[in-house]
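# Tertiary structure, described
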Amino acid sequence: MNVRRLVVANWKMNKTAAETADYIDAFVVQLPSLPRDVEIVLAPPFTSICRAAAKREGSRVRLGAQTMHWELHGAFTGEISAPMLREFGVSHVILGHSERRAHCNETDRTVNLKVHTALEQSLIPIVAVGETLEQRRAGVTDDHVVAQTRAAFDGVDAGALAGVVIAYEPIWAIGTGENCEPAEANRVMATIRSSLQGLRETPILYGGSMNTGNVASYATQPDINGGLIGGASLDPDGFAQLIRSAASPP
Ligand code: PEP
């Protein structure tokens, strides 16, 4: 199985456009020392995307958005559409992040609508799935993430699934410093991979308190193809160090 690797920085609601410019200046000079086999995606806030697009030009850094609407235009105050993102060279979009599911009414249904729009608009969806601590304790983790995965990709051809990305993010591990054990994360991710036909070559990322100290122990797991990183992506040197440790095992 030859699955591509990627590391995605989810900055959430952090960094002004000026801070974004400083970050990318500091980050791109490190690119020659980073492994070539790891795709790098930065997902800044919408207000920084234009600046980020100019700053990363000519480098191998790719741009992601943290969400988008499923409609292409219209009366949706405060929303952003796929064509608006494409205009600035955005290639990836995070969909169904647990913070948006919890605070912004994101549901399996809206994630599915957005996945279809993303694929139609040539954006790569990064679909986040994951269980709460209560669900883990109740022993329903696998059922929950499988149901989220199947709902997200409902109606998508199996042939298109190699072109999407899934992030397994146990909610109890996000921003808490309590990462899921790599072997357990790998087990859940193998379950996600076998939940639909067509996911054999789909990158599945781990997310949840990943950092420079623990990333290597995830990188050696067979069903983990990279990471979706929140807090540890906010410092350009630390993020570069994390990517160095996320390379494929020799
Ligand atoms: C995230 O929000 O996607 C995430 C994984 O955050 P953190 O790395 O801070 O746990």
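The structure contained in this document is the topic of the report that follows. (Residues numbered from 1 in each chain as written. Predicted model: local features only at pLDDT ≥ 70, side-chain atom pairs only at ≥ 80, totals over all residues. Heavy atoms only, no water.)

### Let's talk about the site of the ligand
Around the ligand, 14 residues are found, and the nearest of them are Lys12, Glu169, Gly175, Ser209 and Gly230. Within the side chain of Glu169, an N or O atom sits 2.7 Å from an oxygen atom of the ligand. The class makeup of the residues in the shell around the ligand is four nonpolar, eight polar and two charged. (Near = heavy atom within 4 Å. Polar contact = N/O pair within 3.5 Å; in protein donor to acceptor, adjacent residues only side chain to side chain. Nonpolar A, V, L, I, M, F, W, Y, C, P; charged D, E, K, R; others polar.)

### Concerning the packing of aromatic side chains
What the rule picks out here adds up to four aromatic pairs. Through a chain of ring-to-ring contacts, the aromatic side chains of Trp11, Tyr23, Phe27 and Phe239 assemble into a single cluster. (Phe/Tyr/Trp six-rings, centres within 6.5 Å; stacked < 30°, edge-to-face > 60°.)

### Digging into the side chain of Ser81
Tracing the sequence through the fold places Ser81 in the loop between β3 (61-65) and α3 (82-86). Looking at Ser81, its side chain comes within polar contact range of the main-chain oxygen of Leu72, at 3.1 Å. Other than its neighbours up to four places away in sequence, Ser81 contacts Glu71 and Leu72. (Helix = DSSP H or I, 4+ residues; strand = E, 2+ residues; numbered from the N terminus. Contact = heavy atoms within 4.5 Å.)

### What about the packing of helix α7 (residues 141-152) against helix α8 (residues 182-193)?
Two elements in contact, α7 and α8, have axes separated by 9 Å at closest approach and are oriented at 40 degrees. As the angle between them shows, α7 and α8 are arranged oblique. The element α7 and its partner α8 pack so that their crossing is right-handed. From α7, Thr141, Asp142, Val145, Val146 and Thr149 reach across to α8, where they touch Arg187, Val188, Thr191 and Ile192. Residues of the contact of α7 with α8, tallied by class, amount to four nonpolar, three polar and two charged. (Axes fitted to C-alpha atoms, helices over the stretch in contact; angles between N-to-C directions. Parallel < 35°, antiparallel > 145°, perpendicular 65-115°, else oblique. Left-handed = near helix turned anticlockwise from the far one by under 90°.)

### Digging into the packing of helix α1 (residues 17-28) against helix α2 (residues 46-56)
At a minimum axis separation of 9 Å, α1 and α2 run at an interaxial angle of 25 degrees. Taken together, the axis directions place α1 and α2 in an arrangement best described as roughly parallel. In the crossing of α1 with α2, the sense of the turn from one axis to the other is right-handed. Only Thr47, Ser48, Arg51, Ala52, Lys55 and Arg56 of α2 make contact with α1, whose side of the interface consists of Ala17, Ala18, Thr20, Ala21, Ile24 and Asp25. Per-class residue counts for the contact of α1 with α2 are five nonpolar, three polar and four charged.

### Concerning the pattern of salt bridges
Overall, the coordinates contain eleven salt bridges when judged by the stated rule. Where Arg62 meets Glu39, a salt bridge forms, and the shortest distance between an N and an O atom there is 3.5 Å. Of the two residues, Arg62 is situated in strand β3 and Glu39 in strand β2 (residues 38-43); the sequence distance between them amounts to 23 residues. Judged by relative accessible area, Arg62 falls into the partly exposed class, the value being 30%. The network of salt bridges with shared partners includes Glu131, Arg136, Asp142, Glu184 and Arg187. (Salt bridge = Lys/Arg side-chain N within 4 Å of Asp/Glu carboxyl O. Buried < 20%, exposed > 50% of the residue type's maximum accessible area, 1.4 Å probe, protein only.)

### Considering the pairing of β3
With four of five residues buried, β3 is to be regarded as a mostly interior element. Across three bridges, the pairing between β2 and β3 is parallel. By the bridge assignment for β3, Val41 is matched with Arg62. The parallel pair β2 and β3, bridged by α2, forms a crossover whose chirality is right-handed. (Pairing = 2+ DSSP bridges. Right-handed = clockwise from strand over helix to strand, strands pointing away.)

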